[in-house]
Amino acid sequence: MRGVSGEGEQGSDVTLDLLRQKMEMFARERGWAPYHTPRNLLIALVGEVGELSKEFQWKGEVGRGLPEWKEEEKEHLGEELSDVLLYLVQLSDSCGIDLAQAALRKIELNAIKYPPPPPINPKPDQDA
């Protein structure tokens, strides 16, 4: 399929920019680009989050790594997670936001807003 896979990418580091470029080409080749407005992409993203949520519905709490899930369930979950990621990348691009830089900045802001707690048992002062 044109615009989807490329040689040498399997096992390579995948960047948000690579995903952005591939999705831009994918949409352009199909004539979808005019419809990929921020509003439309947001609505599509919300729909995909709903589909992702459905995968967890009625399962109760699940352990890290999903040890109780079948491989085909995990594979389908990966597809739904990918849909969410790809729409998020397209939305950020259509809004002119560098998502990778915005995410790094948000991590820095969160570190300031939520500093680590002080040590529980600090060492007693040696000079006292």
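Reading the values: the criteria
Residues numbered from 1 in each chain as written. Predicted model: local features only at pLDDT ≥ 70, side-chain atom pairs only at ≥ 80, totals over all residues. Heavy atoms only, no water. Helix = DSSP H or I, 4+ residues; strand = E, 2+ residues; numbered from the N terminus. Buried < 20%, exposed > 50% of the residue type's maximum accessible area, 1.4 Å probe, protein only. Phe/Tyr/Trp six-rings, centres within 6.5 Å; stacked < 30°, edge-to-face > 60°. Lys NZ or Arg CZ within 6 Å of the ring centre and 35° of its normal.

Peer 1: How do you make sense of unusual backbone geometry when you look at a structure like this?
Peer 2: Note on backbone geometry: most residues besides glycine have negative phi, and most peptide bonds are trans. The phi dihedral of Trp58 falls on the positive side, at around 70°, and the residue is not glycine. Tracing the backbone through its elements, the reader meets Trp58 in the loop between α2 (38-56) and α3 (71-94). For Trp58, a relative accessible area of 79% corresponds to the exposed category. The backbone of Leu66 shows a phi angle near 55°, a positive value even though the residue is not glycine. Looking at the element boundaries, Leu66 is found in the loop between α2 and α3.

Peer 1: Whenever I open this one, the packing of aromatic side chains confuses me. Can you help?
Peer 2: A complete count under the given rule lists 2 aromatic pairs for this structure. Their ring planes at 70° and their centres at 5.7 Å tell us that Phe26 and Trp32 sit as a pair that is edge-to-face. Ring geometry for Phe56 versus Trp69: centroids 5.2 Å apart, planes at 50°, classification tilted. Taken as a pair, Phe56 in helix α2 and Trp69 in the loop between α2 and α3 lie far apart in primary sequence, 13 residues in all. Its guanidinium or amino end placed over the ring of Phe26, Arg30 lies 3.5 Å from that ring's centre, counting from NZ or CZ.

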